[in-house]
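A closer look at the structure
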Amino acid sequence: MNTTTQPTVSHKPVMVGQVLRALAVQPGGRYVDCTVGGGGHAEAILEAASPGGLLLGIDADPRALQAAHSRLARFGDAALLVEGNFRDVQAICSSRGFDPVHGILFDLGLSSLQLAEEGRGFSFQMEAPLDMRFSPQQEITAADIVNTYSEKALADLLWRYGQELHSGRIARRIVRDRPLETTTQLAETVEKAVGHRYRRLHPATRTFQALRIAVNEELDNLAAALEGSRDLLGHGGRLVVISFHSLEAAIVKNFFRQESHDCICPPDVPVCVCDHKASLKLATRAAVRPAPSEVEANPRCRSARLRAAERL
Ligand SMILES: C[S@@+](CC[C@H](N)C(=O)[O-])C[C@H]1O[C@@H](n2cnc3c(N)ncnc32)[C@H](O)[C@@H]1O
């Protein structure tokens, strides 16, 4: 019996009621969960869409899909699970005749399952190789970045994706200490670099976030996926995104803002030359936050922000 690799943790889906409302789930509807993970949101969507509802769930992580498979087994053919990158959402759905759809959900980042899973390297609190890939198909691991990037490239990455104020100091120390092969080696190196400059946050938090975003090309994938999703939605269909940090939120906000306006010419252009036509209408004016009671029960959701738009 293998007792070392299976996490005992389960992933609690965040803001489930708000997600169902934002998606305006209706019986018989067709939905895409681009980050199906352990299947928590997917299960709630399928229940609300019954009878006759269908869901296509995508995840880059085959182990997450296994969990979703067990959780959604009772829905039979109404749940279709696909291993893939959500940046290809349009091709994945269209090639399976899942087009147009009534709603698409993104619950970004990583799940509690992935954070707790041994050997994945997402957590600085557990000794593991510096991997951090969502998908085993990806070639570049966090160790590749940490051990091959120049000091300047590392500092830029930590600044850009981790908003790390001590990026230069940490990059210098990484270059001095490498090769670094494990999460705890990296966490110790960061601690040596920044000392106790962070009071409430573990000093390695931002470094780990930056590396995970870079390894999985999270921001580029999100931008591409939003475009593809918009084109999959039928008239009145809903696009719902839950983000967990300001870099993701900015991409979603900008996309929604741009796509909810006709002309997107710069303000100093006197006559419109862009010919851009709005394709979305905002369904949430401001980001929706989890209720205080949910944050108390599941502190992981405290930074969740939900935004939704409707296809015109
Ligand atoms: C926060 S979890 C989703 C949890 C899920 N909503 C649930 O209820 O269990 C995010 C999931 O998105 C997946 N993911 C992240 N980036 C992805 C990408 N570019 N393509 C496909 N899946 C991705 C991760 O592997 C992870 O399983």
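Residues numbered from 1 in each chain as written. Predicted model: local features only at pLDDT ≥ 70, side-chain atom pairs only at ≥ 80, totals over all residues.

To continue, consider the overall build of the protein chain. Across its full length, the protein chain holds 13 helices and seven strands. Here the C-alpha atoms of the protein chain give a radius of gyration of 20 Å, agreeing with the 20 Å that 2.2 N^0.38 yields for 312 residues. Taking the principal axes of its C-alpha atoms as reference, the protein chain extends roughly 65 × 55 × 40 Å. Out of the 312 residues belonging to the protein chain, those deemed buried represent 43%. Partitioning the intrachain contacts of the protein chain with sequence separation of at least 6 by distance along the chain shows that 68% fall at a separation of at least 24. (Helix = DSSP H or I, 4+ residues; strand = E, 2+ residues; numbered from the N terminus. Rg over C-alpha atoms; globule rule 2.2 N^0.38 Å. Buried ≥ 20, exposed ≤ 12 C-beta atoms within 10 Å, placed from the backbone. Contact = placed C-beta atoms within 7 Å.)

Neighbouring the ligand are 23 residues, the closest being P13, T35, G37, G38 and G40. Those elements that place two or more of their residues in the shell around the ligand are helix 2 (40-48) and strand 2 (54-59). When the residues that make up the shell around the ligand are grouped by side-chain class, the tally is seven nonpolar, 12 polar and four charged. (Near = placed C-beta within 6 Å. Nonpolar A, V, L, I, M, F, W, Y, C, P; charged D, E, K, R; others polar.)

With respect to the helices, strands and loops of the structure, T183 is situated in helix 9 (residues 183-194). With 25 C-beta atoms counted inside 10 Å, the residue T183 sits in the buried group. Between the C-alpha atoms of T183 and E259, which are 76 residues apart in sequence, the distance is 40 Å. Those residues in contact with T183 that lie beyond four places of it in its chain are G121, S123, F124, M126, E127, A128 and L130.

Most of strand 2 sits out of view: six of its six residues are buried. Relative to strand 2, strand 1 (residues 30-33) is paired through four bridges, and the arrangement is parallel. If you follow D33 over to strand 2, its bridge partner there is G57. Note that the unit made of strand 1, helix 2 and strand 2 has a crossover that is right-handed. Inspection of the sheet shows strand 2 paired to strand 3 (residues 79-83) by five bridges, in the parallel sense. Its bridge partner lying in strand 3, L55 is registered against A79. (Pairing = 2+ DSSP bridges. Right-handed = clockwise from strand over helix to strand, strands pointing away.)

Attention now goes to the pairing of strand 5 (residues 233-243). Side chains on a regular strand alternate between the two faces of the sheet. Among the 11 residues of strand 5, eight are classified as buried, and the element is accordingly described as predominantly covered. The pairing of strand 4 (residues 101-107) with strand 5 spans six bridges and is classified as parallel. Pairing of G103 across the sheet is with R238, part of strand 5. Here strand 5 runs beside strand 7 (residues 305-311); their pairing, made up of six bridges, is antiparallel. Looking at strand 7, one finds that I242 is bridged to L306.

Okay, the sheet that holds strand 3 next. One open sheet accounts for seven strands, arranged 3-2-1-4-5-7-6; its pairing is mixed. Strand pairing shows two members of the sheet lacking a second neighbour, strand 3 and strand 6 (280-282), which therefore form its edges. Sheet twist, expressed as the average angle between the axes of neighbouring strands with direction ignored, equals 20°. On the sheet, helix 1 (residues 16-23) packs against strand 1, strand 4, strand 5 and strand 7 and is oriented at approximately 155° with respect to strand 5. In this fold helix 3 (residues 62-72) packs onto strand 2 and strand 3, with an angle of close to 170° to the strand it touches most, strand 3. (Axes fitted to C-alpha atoms, helices over the stretch in contact; angles between N-to-C directions.)

Moving on: the domain arrangement of the protein chain. Here the protein chain is partitioned into domain 1 (16-113 + 218-311) and domain 2 (139-215). Placing a centre on the C-alpha atoms of domain 1 and another on those of domain 2 gives a separation of 30 Å. (Domains from an automatic or database assignment.)

This part is about the environment of H235. If you trace the backbone, H235 turns up in strand 5. Judged by the 8 C-beta atoms lying within 10 Å of it, H235 falls in the exposed class. Along the backbone, H235 and A286 are 51 residues apart, and their C-alpha atoms lie at a distance of 23 Å.

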